[in-house]
Amino acid sequence: MWIAAAAVFLLGLAVGGAGAVWFGTRALRTRLQAGPEAWPAQSERIIDRIQADLTKSLALTPEESARVEATLRESAGAMRAIRLRAFAQARMELRAAIRKIAAELPPEKRDEFHRVMARRYERLGLQPPSPTLPADAETTP
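This structure is a prediction, so every number in the text was calculated from the model and none was measured.

Asks: Please provide a residue-by-residue account of helix 4 (residues 107-123), values included.
Replies: Relative to the 24 Å expected for 17 residues at 1.5 Å per residue, helix 4 spans 25 Å between its end C-alpha atoms, a close match to the ideal helical length. The inward-facing, buried residues of helix 4 contact helix 3 (62-104). Immediately downstream of helix 4, the backbone of Gly 125 shows phi near 75 degrees, a positive value.

Asks: Describe the nonpolar core, and please don't skip the residues or the numbers.
Replies: One finds Ile 98, Ala 102, Phe 113, Met 117, Tyr 121 and Leu 126 forming the largest nonpolar core, which totals 6 residues. Put simply, the parts of the chain that give this core at least two residues each are helix 3 and helix 4. When residues in this core are grouped by element, the largest group, 3 residues, is from helix 4. Ignoring sequence-local partners within four residues, the contact set of Phe 113 consists of Ile 98, Ile 101, Ala 102 and Leu 105.

Asks: Any chance you could break down the packing of helix 3 against helix 4 for me, citing the residues and the numbers?
Replies: Between helix 3 and helix 4, whose axes approach to 9 Å, the crossing angle comes to 155 degrees. Put simply, helix 3 runs roughly antiparallel to helix 4. As for how helix 3 packs across helix 4, the hand of that crossing is right-handed. Taken together, the residues of helix 4 that come into contact with helix 3 (itself represented by Leu 94, Arg 95, Ile 98, Ile 101, Ala 102 and Ala 103) are Arg 110, Phe 113, His 114, Met 117 and Tyr 121. Of the residues in the contact of helix 3 with helix 4, the class split is 8 nonpolar, 1 polar and 2 charged.

Definitions and cut-offs
Residue numbers run consecutively from 1 along every chain, following the written order of its sequence. Predicted model: local features are reported for residues with pLDDT of at least 70 only, side-chain atom pairs are reported and counted for 80 or more only, and whole-chain, interface and lining totals are derived from all residues. Water and hydrogen atoms play no part in the side-chain values, which are based on all heavy atoms of the structure. Numbering of helices and strands runs from the N terminus, with a helix taken as a DSSP run of H or I at least four residues long and a strand as a DSSP run of E at least two residues long. What a helix should span is 1.5 Å times the count of its residues minus one. Two residues qualify as a contact provided that any one of their heavy atoms is within 4.5 Å of a heavy atom in the partner residue. What makes a nonpolar core is a set of buried Ala, Val, Leu, Ile, Met, Phe, Trp, Tyr and Cys residues whose side-chain atoms join them at distances within 4.5 Å. Classification of residues uses two cut-offs on accessible area relative to the type maximum, computed with a 1.4 Å probe and protein chains only: under 20% is buried, over 50% is exposed, and between them is partly exposed. A fitted line through C-alpha atoms represents every axis, and for helices the fit uses only the stretch in contact; the resulting angles, taken between N-to-C directions, go from 0 to 180 degrees. By definition in this entry, angles of less than 35 degrees are roughly parallel, angles greater than 145 are roughly antiparallel, angles of 65 to 115 are roughly perpendicular, and the rest are oblique. Crossing handedness is read from the near helix: turned anticlockwise from the far helix by less than a right angle, it gives a left-handed crossing, and turned clockwise, a right-handed one. As a working rule, the residues Ala, Val, Leu, Ile, Met, Phe, Trp, Tyr, Cys and Pro are called nonpolar, Asp, Glu, Lys and Arg charged, and the rest polar, with Gly in that last group.

Read these as spatial facts, not as claims about activity.
This is the structure in structure tokens:
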């Protein structure tokens, strides 16, 4: 009986772990495909939550609450611009690193390296880097 219970426990652990990995990978893929442009809904929810919390805990008047909201929205816009620039810079740096690695490899291994990298990108649903274009010429994530 104990062996059966342990087997059921281990099977549940394995299925739960595999499910978490599958859902996590799917969520990551979805976020990467959408890019940071698709994330403003989260910042809107955060602004609403912070404003409601400050309004309640500080007993803000409607005018004070409106000024707090305006400041939060202004800050969120600046943070979004920073995220977009950082995302673009990270993408360019990663693609530049791929090109540098490819340049260091002997020609007979270079094509296979580009195939391996293309498979990694495609698994995430992203456009793989072009082996011939410079890193800053590509616009897709």
